[in-house]
Amino acid sequence: MNALMAWLDNRTGYKSLMHEALYERVPGGARWRYVWGSTLVFTFVLQVITGFMLWSAYSPSTRTAWESVYYIQNEMTLGYLIRGVHHFAAQAMVVLMAIHLVQVIIDGAYKAPREINFWLGMVLMMIVLGLSLTGYLLPWDQKGYYATQVTTNIMSLTPVAGAEVQTLAQGGNQYGHMTLTRFFAMHAGILPALLVAFLALHIYCFRRHGLTVHDENHAPETSFWPDQVLKDAIACLAVLAVVLLFAIFKGAELSAPADAAVKFDAARPEWYFLFLFRFLRFHAVESIGLVWGAIVLPGVIMGVIALMPLTHKFLGEFGHTLNKAFIWLLGAAIVVLTAMAFIEDRNDIDHQAALAEAHRDGGRAVELASGPDRIPVDGAVGMLRRDPFTQGPRLFAKHCSSCHRYNGHDGRGMLVTEKKKVAPPTASDLGNFGSREWMRSIVVDYAAHLSPLKNAGWFKDAKAKEEAGEDVTYLNPDESEMADWSGYPESLLSDENSENLDALVEFLYSEANPGYIPADVKEREEWVNALAANEQLAAKGRAVATEGAWAGDLEGTSCADCHTTIGEDFVAVSDDDADGYPTMAKYGSAKWLTDFIRNPGAPRHYGAKNEMPAYPPQQLTDEDLNLLVRWLTHDYLPSDVPDYPSRLGDLPSAGDAAADSNEADEDATEGQDLEENAGEEATEQE
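Residues numbered from 1 in each chain as written. Predicted model: local features only at pLDDT ≥ 70, side-chain atom pairs only at ≥ 80, totals over all residues. Heavy atoms only, no water.

### Here's the deal with the domain arrangement of the protein chain
To keep it simple, the criterion reads: These domain boundaries are the output of an automatic or database domain assignment.
As assigned here, the protein chain comprises domain 1 (18–267) and domain 2 (432–443 + 487–561). Between the C-alpha centres of domain 1 and domain 2 there is a distance of 62 Å.

What follows is the structure, encoded as structure tokens:
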């Protein structure tokens, strides 16, 4: 072995090189404050190693980027750990770089003759930030897609050549495949190569001028090996431990695949750029112009830092004091702005709702990708666009939430407001549509079930006209025949009718037929529908509904007395064939609901009493209607993704809703009076 090493040294001179590297003088002894440069090099090496591993499975195109990251994260052996280490080591680099910069300035390591090395370090800092920026887009998920758009839009503010810089960076006028490939080329090729080149120059200059010692009398002089190497190694292991902890217990996030058609309101840059994002949101900055805040001021700050060696040269130690004060003030400002951004986002209800939806979509995308159908040929975006669990809430918020609510919210977790107050629903909450609770509510307390109708303006107008003696046809929950029938709670809920009631509810629930049934025959044979009804109990309920088996005040009645088609398959009967009552044939099923949304005013539904607008295909396409109906009837692959929390507790009580309504009416009346008075005054002036 000695002979081999001697031969190798003869040919390469490695021993003298190692001696030069390891036995550098360290005046004042080894210290922890010198470890930051080594930890930065260590995290960069970590990035290179994990980056090559990720590269082996990553595919940079708009149709394969998210999908390949999903594969890395969920399918590849230890992929989640590799991606997590790469993700958090990148963030660690930014933190370590900031600490290193502060330490360099405080220790005066920028002073002559180290000016060039200081400026090389600033170039390295820009490259590291560039790596962070370009890497953010590569998963091609909603978060990175929209956050990077914010960044490239800032690029466009660059004076003179802003538009050209933006076009060059994103590979055209629009975001797309070229944007991704260019960012990947910069992230995995150009920037790492530049970083290696400038790092070599940085280390060369560092070794040429030696260590900048903070206090030469701190301890006896030593050499880099072994004391400082030991401290550097411990610091690097500590960094690795922290990165591993984050990678294992937090993991790198992968939100829903990027979709330009889906607005993402929670777009934010990575946390270490949040201070600039928050700064740009100051009203004063916006009024002066974003160019000033995004380009000019950051440029001035970087200029001040770059001029620090000259500041010291011309002002001496006073200049050094100024430099230290500047870097501390700058650090404090960044910390404050970052904290403000976090606090404001945390208290921003809209932002939190957008985040919740992003997490929901992200979790659902992963769930579908790992489901029986896997990722389709047209990519993960198409998978989500065809998913009722994802699209249903959006369609509900767009078309239904002006009247209905879904567990108290608009379908997407947000409260519906009007004049900065929570608006009461003017139709039934559909959060439990078609469920046993829904059916029981209709049977046992029909009036209460439809009571939100009383909040509607059309109901109040009709009620007022009726009280004034006019003949008005409208749906009054308190005065319908169904309300009369279910107005015997003591009879319906009595012991003698208890089993009949349970059976009827189960029958109605079975007619709605909720739940997901796989299209594939083989899968269907093995599928267990968790929402399936109790067939035996439902069969008994069918007899109760069609023949009647009630006791007490309800004896001799049955649902079929009015709803003649109950128990039959749903058929969109003609207006002439309608029996004058809302059809209960397969009530709550997808077929019934589809027809109802298209034709709520048909005689087979609510006829002339209907107030719900019809949704023709021009307003709600067949495809969207199918997604909405399947979501309301739970016909989608079951999900373990947490749904939006219920907001039923946030809705105004009946009393509050009535008070608000009266207030609104008074405002309207007052406004009307003002208009009339103004008209009278105008007439008098004439």
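### Structural notes on the UniProt feature "transmembrane region" (unreviewed entry) in the protein chain
Quick note on the threshold: UniProt positions are given in the numbering used here, feature names are shortened, and annotations may be inferred rather than shown by experiment. Secondary structure elements are defined from DSSP: runs of H or I of at least 4 residues count as helices, runs of E of at least 2 residues count as strands, and each element is numbered from the N terminus.
Under the UniProt annotation, the feature "transmembrane region" (unreviewed entry) is placed at residues 34–58, 88–106, 118–138, 183–204, 290–310 and 322–343. Strand forms 0% of residues 322–343 and helix 100%; the C-alpha atoms that close the span are 31 Å apart.

### Here's the deal with the nonpolar core
For clarity, the threshold we go by: Within this scheme, the nonpolar core is defined by two criteria: the residues are buried Ala, Val, Leu, Ile, Met, Phe, Trp, Tyr or Cys, and they are joined through side-chain atoms within 4.5 Å. Note on exposure labels: buried denotes an accessible area under 20% of the residue type's maximum, exposed denotes more than 50%, and partly exposed covers the range between, all computed with a 1.4 Å probe on protein chains only.
Leu 504, Leu 508, Trp 550, Ile 597 and Leu 628 are the most contacted members of the largest nonpolar core, which has 51 residues in total. Looking at this core, the elements with two or more residues in it are α17 (388–399), α18 (436–444), α19 (446–449), α21 (481–485), α23 (495–512), α25 (535–547), α26 (590–598) and α27 (622–632). In terms of nonpolar packing, the next biggest core, distinct from the first, is built from 35 residues, Ala 57, Leu 368, Met 383 and Leu 384 among them.

### What about the packing of aromatic side chains?
To keep it simple, the criterion reads: In this analysis, rings of Phe, Tyr and Trp, with Trp reduced to its six-membered ring, are considered paired at centre separations within 6.5 Å, and the interplanar angle assigns stacked below 30 degrees, edge-to-face beyond 60, and tilted for intermediate values. A positively charged side chain is recorded as over a ring if its NZ (Lys) or CZ (Arg) lies within 6 Å of the ring centre. The angle to the ring normal must also be within 35 degrees.
Summed over all chains, the structure comprises 26 aromatic pairs. For the ring pair Phe 596 and Tyr 606, a centre distance of 5.9 Å and an interplane angle of 75 degrees mean the geometry is edge-to-face. Of this pair, Phe 596 sits in helix α26 while Tyr 606 sits in the loop between α26 and α27, and the two are 10 residues apart along the sequence. With relative accessibility at 29%, the residue Tyr 606 sits in the partly exposed group. Taken together, Trp 140, Tyr 145, Tyr 146, Tyr 175 and Phe 264 form an aromatic cluster joined through their ring pairs. Positioned above the aromatic ring of Phe 389, the side-chain terminus of Arg 360 is 3.8 Å from the ring centre.

### A look at the UniProt feature "domain: Cytochrome b/b6 C-terminal region profile" (unreviewed entry) in the protein chain
The UniProt entry lists residues 214–340 under the feature "domain: Cytochrome b/b6 C-terminal region profile" (unreviewed entry), expressed in the numbering used here. Annotated as residues 214–340, this span is 70% helix and 2% strand, and its ends, taken at the C-alpha atoms, are 34 Å apart.

### What to know about the pattern of salt bridges
Pairing is possible between side chains of opposite charge, provided their charged atoms come close. Here is the rule we go by: Counted as salt bridges are all cases of a side-chain nitrogen of Lys or Arg within 4 Å of a carboxyl oxygen of Asp or Glu.
Applying the stated criterion across every chain, the model contains 29 salt bridges. A salt bridge links Glu 75 to Arg 374; the shortest N-O distance between them is 3.1 Å. In this pair, Glu 75 sits in the loop between α4 (65–74) and α5 (79–106) while Arg 374 sits in the loop between α15 (349–369) and α16 (380–385), placing the two residues 299 residues apart along the sequence. Look at Arg 374 and you get partly exposed, because its relative accessible area is 39%. With a closest N to O distance of 2.6 Å, Arg 647 and Asp 650 form a salt bridge. The structure contains a network of salt bridges with shared partners spanning Glu 357, Asp 361, Arg 394 and Arg 412.

### Section: the side chain of Gln 228
The following threshold applies: Contacts: residue pairs with any heavy atoms within 4.5 Å of one another.
Topologically, Gln 228 is positioned in helix α10 (residues 224–249). Residue classification places Gln 228 among the buried positions, given a relative accessible area of 3%. Here Gln 228 is in contact with Ala 30, Arg 31, Tyr 34, Val 35 and Ser 223, once residues within four sequence places are set aside.

### Focus: α23
Working note: α-helix, 3.6 residues per turn, so residues spaced by three or four point in the same direction. As a reminder, the rule being used: The span one expects for a helix is its residue count, reduced by one, times 1.5 Å.
The end-to-end C-alpha separation of α23 is 27 Å, in line with the 26 Å expected for 18 residues at 1.5 Å each. Every buried residue of α23 is accounted for by Asn 497, Asn 500, Leu 501, Ala 503, Leu 504, Val 505, Glu 506, Phe 507, Leu 508, Tyr 509, Glu 511 and Ala 512. Tucked into the core, α23 has its buried residues touching α18, α22 (489–492) and α25.

### Observations regarding the packing of α5 against helix α6 (residues 115–137)
Threshold: Fitted lines through C-alpha atoms give the axes, limited to the stretch in contact for helices. The angle between two N-to-C directions lies from 0 to 180 degrees. Throughout, the term roughly parallel applies to angles under 35 degrees, roughly antiparallel to angles over 145, roughly perpendicular to angles from 65 to 115, and oblique to all others. If you view the pair so one helix is near and one far, a crossing is left-handed when the near helix is turned anticlockwise from the far one by less than a right angle, and right-handed when it is turned clockwise. As a working rule, the residues Ala, Val, Leu, Ile, Met, Phe, Trp, Tyr, Cys and Pro are called nonpolar, Asp, Glu, Lys and Arg charged, and the rest polar, with Gly in that last group.
As a packed pair, α5 and α6 sit with axes 11 Å apart at the nearest point and diverge in direction by 160 degrees. Classified by the angle their axes make, α5 and α6 are roughly antiparallel. The two elements α5 and α6 meet at a crossing, and its hand is left-handed. Here Met 93, Val 94, Met 97, Leu 101, Val 104 and Ile 105 of α5 come into contact with α6, specifically with Phe 118, Met 125, Val 128, Leu 129 and Ser 132. Class assignment for the residues of the contact of α5 with α6 results in 10 nonpolar, one polar and no charged.

### Let's talk about the side chain of Thr 148
Among the structural elements, Thr 148 can be located in helix α7 (residues 142–155). By relative accessible area, which is 1% here, Thr 148 ends up buried. Filtering out sequence-adjacent residues up to four positions away, Thr 148 remains in contact with Tyr 136, Leu 137, Tyr 175 and Phe 183.

### Details of a nonpolar patch on the surface
To keep it simple, the criterion reads: What goes into a patch is any residue over 30% in relative accessible area without a salt bridge, connected to like charges within 9 Å or, for nonpolar side chains (Val, Leu, Ile, Met, Phe, Trp, Tyr), within 5 Å. Throughout, the Shrake-Rupley method with a 1.4 Å probe supplies accessible areas, and for residues the shown protein chains are the sole cover considered.
Side chains of Ile 116, Trp 119, Leu 307, Leu 310, Phe 314, Leu 315, Phe 318 and Leu 322 sit close together on the surface and give an oily, nonpolar patch of about 790 Å² of accessible area. Secondary structure elements with two or more residues in the nonpolar patch: α6 and α14 (308–347). Looking at which element gives the most residues to the nonpolar patch, the answer is α14, with five residues. With relative accessibility at 64%, the residue Phe 314 sits in the exposed group.

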